[in-house]
2 protein chains.
Amino acid sequence: MNEKQKRILEVSIEIFYNKGYANTPVRDIIDASGFGTSTFYRYFQNKEEILKQLLENFFLKIFHNINTFTIEREDFYQDFIEIKQVIMQTFIQNPKLSELYSRSAGTSRLIDECLKSFDDKFLLFYQNQVQYGMDEGFFRAAPTLPIAISTLATIKYVAYKWSVVKEISKEDMINLVLSFHKSILYGIVANSE
Amino acid sequence: MNEKQKRILEVSIEIFYNKGYANTPVRDIIDASGFGTSTFYRYFQNKEEILKQLLENFFLKIFHNINTFTIEREDFYQDFIEIKQVIMQTFIQNPKLSELYSRSAGTSRLIDECLKSFDDKFLLFYQNQVQYGMDEGFFRAAPTLPIAISTLATIKYVAYKWSVVKEISKEDMINLVLSFHKSILYGIVANSE
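Model, not experiment: these values are computed from the prediction.

Engineer: With reference to specific residues and values, describe helix α9 (residues 170-186) of chain B.
Structural biologist: Residue and element names in this part refer to chain B. Across its 17 residues, α9 extends 25 Å between first and last C-alpha, which sits within 8% of the 24 Å expected from 1.5 Å per residue. Within the span of α9, buried status applies to Met 173, Ile 174, Leu 176, Val 177, Leu 178, Ser 179, Phe 180, His 181, Ser 183, Ile 184 and Leu 185. Downstream of α9 by one or two residues, Gly 187 has phi in the positive range, about 80°.

This is how it looks when you write it as structure tokens:
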């Protein structure tokens with residue numbers, strides 16, 4: 001990606017954040033970028049393509065941060081929880097992208113496909129991680145998809161509460177996700193620990 | 001609520017389902033109801049009020065079904081899981097309302113407030129249920145909010161996958177929620193059962 005594309009994407013984040021995606025005309029993005037109309041259309045066909053590119057960049061950041069964190073056999077349970085902190089930090093480091101992500105469901109078919117593609121990739125990654133824990137004897141056998149779905153759903157929900165509703169702080173958001181993970185690891189039944 | 005109001009709400013469900021809420025003019029609802037314009041405006045100021053009323057009725061159904069199901073001390077753990085089946089059955093019995101609910105986030109400030117009010121009521125109800133389990137010695141002490149949030153988030157997510165994306169069957173939806181609940185009850189760590 002070249003510098004001009006990057007600049008267009010960066011000004012778009014700000015404008016979408018301030019005015020809302022639906023209320024932003026392409027003209028505003030072009031004006032804020034300082035480039036001419038033809039430069040803009042050389043890189044993007046429309047506003048939707050910008051949103052799609054922003055979301056994809058955000059998802060790449062999440063997967064990059066996940067992949068640079070290695071789960072060690074020695075501290076498996078702790079690392080299994082810690083990796084969620086890494087995911088939530090990606091949200092915290094990108095508050096405007098987080099809000100855009102949390103608001104973008106239902107924008108258009110293209111955007112919904114882009115969101116679904118992230119969900120599917122995340123669910124697959126997470127199921128593999130749980131499966132690894134089972135294969136190595138850390139977890140007992142259980143269907144992996146419900147665990148992956150509840151994790152993804154919880155992350156999305158708290159990110160929405162933090163970035164859109166602004167009802168919880170970033171610390172609350174992290175604590176909610178970590179506490180949920182302790183519960184699912186060790187169970188909540190009185191004699192299960 | 002009188003028969004005319006009920007009829008207007010019922011035809012609205014069908015039209016919203018077929019055309020989408022955003023693409024439905026009030027005129028279509030009035031025509032389909034068979035009533036005159038003045039009758040419509042006696043009960044509803046606009047389309048948004050209809051959506052709000054439909055969502056509130058759906059939430060009442062969910063809480064009605066929850067409240068008629070009593071958790072017995074003898075089968076506490078089983079009942080604790082079973083009540084989720086009762087919730088998911090409310091979705092299954094109202095597929096068009098489920099879709100409307102799953103699509104309605106972000107429609108307007110009024111609708112978002114209505115959705116938030118349901119979330120808050122559900123979270124409170126659920127936290128109380130988990131707290132009861134702790135007080136009675138069935139569960140060990142843990143923060144109740146993360147458990148309530150992960151439950152609500154999971155229910156919303158699978159309902160969306162079933163009613164909007166149509167990626168999973170109603171049986172899948174129930175099984176995902178029940179399996180998640182078994183995991184959170186007993187934990188997934190190998191020696192936790």
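Engineer: Let's hear about the relation of the copies chain A and chain B: which residues, and what values?
Structural biologist: Its rotation angle being 180°, the transformation that places chain A on chain B also includes 0.0 Å of axial translation and leaves an RMSD of 0.0 Å. Such a combination of turn and shift is consistent with a two-fold rotation axis. Residues of chain A ranked by C-alpha distance from the rotation axis are headed by Gly 187 of chain A, positioned 1.7 Å from it. Mapped onto chain B, 100% of the interface residues of chain A are again interface residues, and the two copies thus contact each other with one and the same surface.

Engineer: So what's going on with the interface of chain A and chain B? Which residues, and what values?
Structural biologist: In this assembly, 37 residues from chain A lie in contact with 37 residues from chain B. At the boundary of chain A with chain B, total buried surface from both sides reaches about 3500 Å², with 65% on carbon and sulfur atoms. Per-residue buried area on chain A facing chain B is highest for Arg 140, Tyr 157 and Ile 188 of chain A; these three make up 23% of the total on that side. Across the contact surface, chain A and chain B share two salt bridges. For the salt bridge of Glu 167 of chain A with Lys 116 of chain B, the shortest nitrogen-to-oxygen distance reads 2.4 Å. Contributing elements (two or more residues each) for the side of chain A that touches chain B: α7 (109-135), α8 (144-163) and α9 (170-186) of chain A.

Engineer: Quick one: what's the story with the environment of Ala 142 of chain A, residue by residue and with numbers?
Structural biologist: Residue and element names in this part refer to chain A. Tracing the backbone shows Ala 142 in the loop between α7 and α8. A relative accessible area of 24% places Ala 142 in the partly exposed class. For the pair Ala 142 and Arg 42, spaced 100 residues apart in sequence, the C-alpha separation works out to 50 Å.

Engineer: Tell me what's going on with helix α5 (residues 76-93) of chain A, and back it up with residues and numbers.
Structural biologist: Because an α-helix completes one turn every 3.6 residues, residues spaced three or four positions apart along the sequence face the same direction. Residues and elements named next belong to chain A. Taking 1.5 Å per residue as the helical rise, α5 with its 18 residues ought to reach 26 Å, and the 26 Å between its terminal C-alpha atoms agrees with that figure. Along α5, the residues classified as buried are Phe 76, Asp 79, Phe 80, Ile 81, Ile 83, Lys 84, Val 86, Ile 87, Met 88, Thr 90, Phe 91 and Ile 92. Those residues of α5 hidden inside the fold are in contact with α4 (47-68), α6 (95-103), α7, α8 and α9.

Engineer: Can you explain the environment of Ile 8 of chain A? Please cite residues and give values.
Structural biologist: Residue and element names in this part refer to chain A. Turning to its location among the elements, Ile 8 is positioned in helix α1 (residues 3-19). Sequence-wise, Ile 8 and His 64 are 56 residues apart; in three dimensions their C-alpha atoms are separated by 23 Å. Among residues more than four places away in sequence, those in contact with Ile 8 are Ile 29, Ser 33, Phe 35, Phe 40, Tyr 43, Phe 44 and Ile 50.

Engineer: Help me get a handle on the side chain of Thr 151 of chain B, residues and values and all.
Structural biologist: All names here are of chain B. Relative to the helices and strands, Thr 151 resides in helix α8 (residues 144-163). Under the relative-accessibility criterion, Thr 151 is labelled buried at 1%. A polar atom in the side chain of Thr 151 sits 2.8 Å from the backbone oxygen of Ile 147. If we ignore the near neighbours within four places in the chain, the residues touching Thr 151 are Lys 84, Tyr 126, Phe 180 and His 181.

Engineer: How would you sum up the nonpolar core? Please name residues and give values.
Structural biologist: Core analysis: the biggest nonpolar cluster contains 131 residues, and Phe 91 of chain A together with Phe 91 of chain B have the highest contact counts within it. Those residues in contact with Phe 91 of chain B that lie beyond four places of it in its chain are Phe 58, Ile 62, Ser 98, Tyr 101, Ile 155, Ala 159, Trp 162 and Met 173 of chain B.

Engineer: A description of the packing of aromatic side chains should follow, citing residues and the corresponding values.
Structural biologist: Aromatic ring pairs are reported here in terms of the distance separating the ring centres and the angle at which the planes meet. In this structure the tally under the stated criterion is 52 aromatic pairs over all chains. An angle of 40° between the planes, with centres 6.3 Å apart, marks the rings of Tyr 77 of chain A and Phe 139 of chain A as tilted. With Tyr 77 of chain A in helix α5 and Phe 139 of chain A in the loop between α7 and α8, the pair connects residues that are 62 residues apart, well separated along the chain. Relative accessible area serves as the criterion here: at 3%, Phe 139 of chain A is assigned to the buried category. Above the ring of Phe 35 of chain B, the side-chain terminus of Lys 4 of chain B is found at 5.8 Å from the ring centroid. The ring of Tyr 21 of chain B is capped by Lys 47 of chain B, whose NZ or CZ atom sits 4.5 Å from the centre of that ring.

Engineer: Could you give an account of the packing of helix α5 (residues 76-93) of chain B against α8 of chain B, with specific residues and numbers?
Structural biologist: All names here are of chain B. Put simply, α5 and α8 touch, their axes get as near as 11 Å, and they point 30° apart. The angle between α5 and α8 places the two elements in the roughly parallel class. Considering the relative orientation of α5 and α8, their crossing is right-handed. Along its contact with α5, which presents Lys 84, Ile 87, Met 88, Phe 91 and Ile 92, the element α8 presents Thr 151, Ile 155, Val 158, Ala 159 and Trp 162. Of the residues belonging to the contact of α5 with α8, the class tally is eight nonpolar, one polar and one charged.

Engineer: Give me the lowdown on the confidence of the model for chain A, citing residues and values where you can.
Structural biologist: Per-residue confidence for chain A averages 93 on the pLDDT scale, and 99% of its residues sit at or above 70. What the predictor reports for the complex is a pTM of 0.92 with an ipTM of 0.90.

About the criteria used
- Residues numbered from 1 in each chain as written.
- Chains lettered and ligands numbered in written order.
- Predicted model: local features only at pLDDT ≥ 70, side-chain atom pairs only at ≥ 80, totals over all residues.
- Heavy atoms only, no water.
- Helix = DSSP H or I, 4+ residues; strand = E, 2+ residues; numbered from the N terminus.
- Expected span 1.5 Å × (residues − 1).
- Buried < 20%, exposed > 50% of the residue type's maximum accessible area, 1.4 Å probe, protein only.
- Least-squares fit on C-alpha atoms with pLDDT ≥ 70 in both.
- Contact = heavy atoms within 4.5 Å.
- Buried area = accessible area lost by both parts, 1.4 Å probe.
- Salt bridge = Lys/Arg side-chain N within 4 Å of Asp/Glu carboxyl O.
- Polar contact = N/O pair within 3.5 Å; in protein donor to acceptor, adjacent residues only side chain to side chain.
- Core = buried A, V, L, I, M, F, W, Y, C linked by side-chain atoms within 4.5 Å.
- Phe/Tyr/Trp six-rings, centres within 6.5 Å; stacked < 30°, edge-to-face > 60°.
- Lys NZ or Arg CZ within 6 Å of the ring centre and 35° of its normal.
- Axes fitted to C-alpha atoms, helices over the stretch in contact; angles between N-to-C directions.
- Parallel < 35°, antiparallel > 145°, perpendicular 65-115°, else oblique.
- Left-handed = near helix turned anticlockwise from the far one by under 90°.
- Nonpolar A, V, L, I, M, F, W, Y, C, P; charged D, E, K, R; others polar.
- pLDDT = per-residue confidence, 0-100.

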